[in-house]
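# Topology and contacts: notes
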Amino acid sequence: MEQPAHGGEPAGAAGDAAETLDHPLPEGVRRRVVALVADAFGGLTVAELPAPLRQYARFTASRRAKFAGNAMAAALESDPLFRQRIGERFKQGQPELAGAVETGTPPAAADPVDVAAAAYVLRPPGWVKLVAAAGEEAQRVDAERADEAGRRELERLREELAAARDRSRSETDQLRHDLEAARKEAESLHRKLRSAQSDVKRGEAALRRAQGEIDAVRAEGAAQLSSAESEARRLKARLGEVEAALEASRRTAREGRSVEDMRLRLLLDTVLDAAQGLRRELALPPVSVHPADTVDAVEPGRMSPKDIAARALSETDPALLDQLLALPQAHLVVDGYNVTKTGYPTMPLEKQRLRLLGGLSALAARSGAEVTCVFDGAELAAPVLLAPPRGVRVLFSKPGVTADELIRQLVRAEPPGRPVVVVSTDREVADGVAKAGARPVASVLLLKRLSRLS
């Protein structure tokens with residue numbers, strides 16, 4: 001690489017000053033020069049770069065060409081030393097093209113833009129002519145390309161015009177066809193309209209005739225109504241005369257009653273008043289027992305829970321529970337948690353209660369029996385906010401009282417002879433309520449019955 005001459009100017013600077021471009025570089029040549037500088041840029045150290053370009057030292061060639069293009073072009077034009085270094089890098093990269101450009105005999109097959117860019121960087125004698133000639137050649141090529149592109153565009157436009165004409169003819173034919181169809185449809189609609197107008201006129205004439213007939217009927221009806229009102233007034237006056245005569249007859253009959261009839265009625269009223277006073281004094285109840293009721297016998301259809309138990313049904317057959325609940329005034333008492341922990345023990349207590357109460361509500365609606373469900377209050381961490389379902393009484397035992405004891409209290413509260421059915425698998429509860437006259441059944445029996453309702 002040449003070293004700068006004394007005074008800070010590199011060798012060949014005087015030759016550069018002798019030749020200058022009298023017009024800007026063609027755009028294609030300028031882009032090629034910027035790309036050439038960007039490629040050679042990476043082979044220089046930061047100290048060898050002009051100060052304005054040092055910030056782009058770490059950029060890639062494509063990023064340098066994009067962001068530092070103007071700065072590199074300005075440095076190449078104003079800094080002979082930088083241009084010489086770029087030229088040296090270019091000679092190393094493309095020695096054949098560089099040598100041909102320096103001798104003034106560029107290859108005929110070489111790209112004019114590459115030749116102009118190399119001449120602009122290397123600045124050999126006559127470089128301005130090379131740049132100008134290459135620029136003219138590039139412009140000629142661009143013009144030919146533009147001309148060719150214009151011809152292709154013109155041909156494309158002609159084809160589009162021909163296609164548009166074809167479409168226009170096709171659309172025109174279609175529009176003519178549609179217009180003819182619309183004209184025929186309009187004529188058909190006109191005919192229908194004239195027919196409809198004729199129908200309307202006939203209807204209006206018929207309406208006028210009907211209106212006249214209605215007016216005549218109204219006039220006749222008004223006359224008949226007036227005649228009927230006159231007849232009604234006459235009949236009302238006659239009715240008043242008849243009612244007055246009847247009242248006079250009644251008054252004469254009342255006045256003509258004998259004294260013996262009056263005395264007999266007075267005596268009868270006295271006897272009746274005395275009998276009612278005696279019933280109130282003795283507090284006698286109404287007679288509800290008849291003689292036939294005193295005869296000892298078995299009445300049909302009257303069965304007790306013990307009679308149901310004696311029938312041939314399994315203790316786990318849901319039909320047994322249906323028969324028990326079919327007894328008159330039956331009361332079903334359910335040990336809540338005993339049933340839920342038998343049927344669905346893995347569910348939370350709240351969901352156990354809701355599921356059981358939902359099934360009991362459906363069972364109460366179907367059987368008509370009184371249903372009471374008892375839960376142990378010791379299981380509660382806080383008071384339960386629960387709206388009892390329709391037909392089901394829900395009770396929680398008080399603190400210190402178990403659900404078993406509350407069930408026994410419910411059974412003892414019932415009058416003797418009423419059918420009471422207690423659902424619990426607890427043997428102690430079953431034995432206790434059985435002694436009190438209730439009928440115990442297993443929890444699994446209720447669960448089977450409820451499963452049929454779901």
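Residues numbered from 1 in each chain as written. Predicted model: local features only at pLDDT ≥ 70, side-chain atom pairs only at ≥ 80, totals over all residues. Heavy atoms only, no water.

Right, let's talk about the pairing of strand β2 (residues 370–375) for a bit. By the criterion of burial, β2 is predominantly enclosed, with five of the six residues buried. The pairing of strand β1 (residues 331–335) with β2 spans five bridges and is parallel. Of the residues in β2, the one forming a bridge with His331 is Glu370. Direction of pairing for β2 relative to strand β3 (residues 392–396): parallel, over a ladder of five bridges. (Buried < 20%, exposed > 50% of the residue type's maximum accessible area, 1.4 Å probe, protein only. Helix = DSSP H or I, 4+ residues; strand = E, 2+ residues; numbered from the N terminus. Pairing = 2+ DSSP bridges.)

What follows concerns the packing of aromatic side chains. Tallied over the full model, the rule gives two aromatic pairs. By way of ring pairs, the aromatic residues Tyr337, Phe375 and Phe396 are connected into one cluster. Taking NZ or CZ as reference, Lys341 lies 5.5 Å from the ring centre of Tyr337, over its face. (Phe/Tyr/Trp six-rings, centres within 6.5 Å; stacked < 30°, edge-to-face > 60°. Lys NZ or Arg CZ within 6 Å of the ring centre and 35° of its normal.)

To continue, consider the sheet that holds strand β4 (residues 420–423). Strands sit in the order β3-β2-β1-β4-β5 across an open sheet of five strands; the sheet is parallel. Looking at which strands have only one partner, the edges of the open sheet turn out to be β3 and β5 (439–441). In this sheet, neighbouring strand axes are inclined to one another by 20 degrees on average, regardless of whether the strands run parallel or antiparallel. (Axes fitted to C-alpha atoms, helices over the stretch in contact; angles between N-to-C directions.)

Moving on to the pattern of salt bridges. Two side chains that carry opposite charge are able to pair once their charged atoms sit near each other. If you walk through the whole model with that rule in mind, you get 18 salt bridges. Of the charged contacts, one joins Glu180 and Arg183 as a salt bridge, the two residues approaching to 2.6 Å between their closest N and O atoms. Here Glu180 and its partner Arg183 are both found in helix α8 (residues 127–255), three residues apart, which amounts to about one turn of the helix. Classification of Glu180 as partly exposed rests on a relative accessible area of 36%. (Salt bridge = Lys/Arg side-chain N within 4 Å of Asp/Glu carboxyl O.)

With that settled, the discussion passes to the environment of Asp426. On the secondary structure map, Asp426 appears in the loop between β4 and α15 (427–435). Taking the C-alpha atoms as reference, Asp426 lies 7.6 Å from Asn338; in sequence the two are 88 residues apart. Ignoring sequence-local partners within four residues, the contact set of Asp426 consists of Asn338 and Asp404. In this structure the side chain of Asp426 is engaged in a polar contact, spanning 3.0 Å, whose partner is the backbone nitrogen of Glu428. (Contact = heavy atoms within 4.5 Å. Polar contact = N/O pair within 3.5 Å; in protein donor to acceptor, adjacent residues only side chain to side chain.)

A separate point is the pairing of β1. Of all five residues in β1, five are buried, a share of seventy percent or more. Because side chains alternate across β1, one face comprises the buried residues His331, Val333 and Asp335, and the other comprises Leu332 and Val334, equally buried. Examined bridge by bridge, β1 and β4 share four bridges and lie parallel to one another. Note on β4: the bridge partner recorded for Val334 is Val423.

So, on to helix α6 (residues 95–102). Those residues of α6 that fall on the buried side of the exposure criterion are Leu97, Ala98, Ala100 and Val101. Projected down its long axis, α6 shows its buried positions confined to an angular sector of 165 degrees, all on one face. Exposed and facing more than 90 degrees away from the buried side of α6 are Pro95 and Glu96. Positive phi appears at Gly104, one or two residues downstream of α6, with a value of about 80 degrees. (Arc of directions from axis to C-beta.)

Just distances and angles here, no functional claims.
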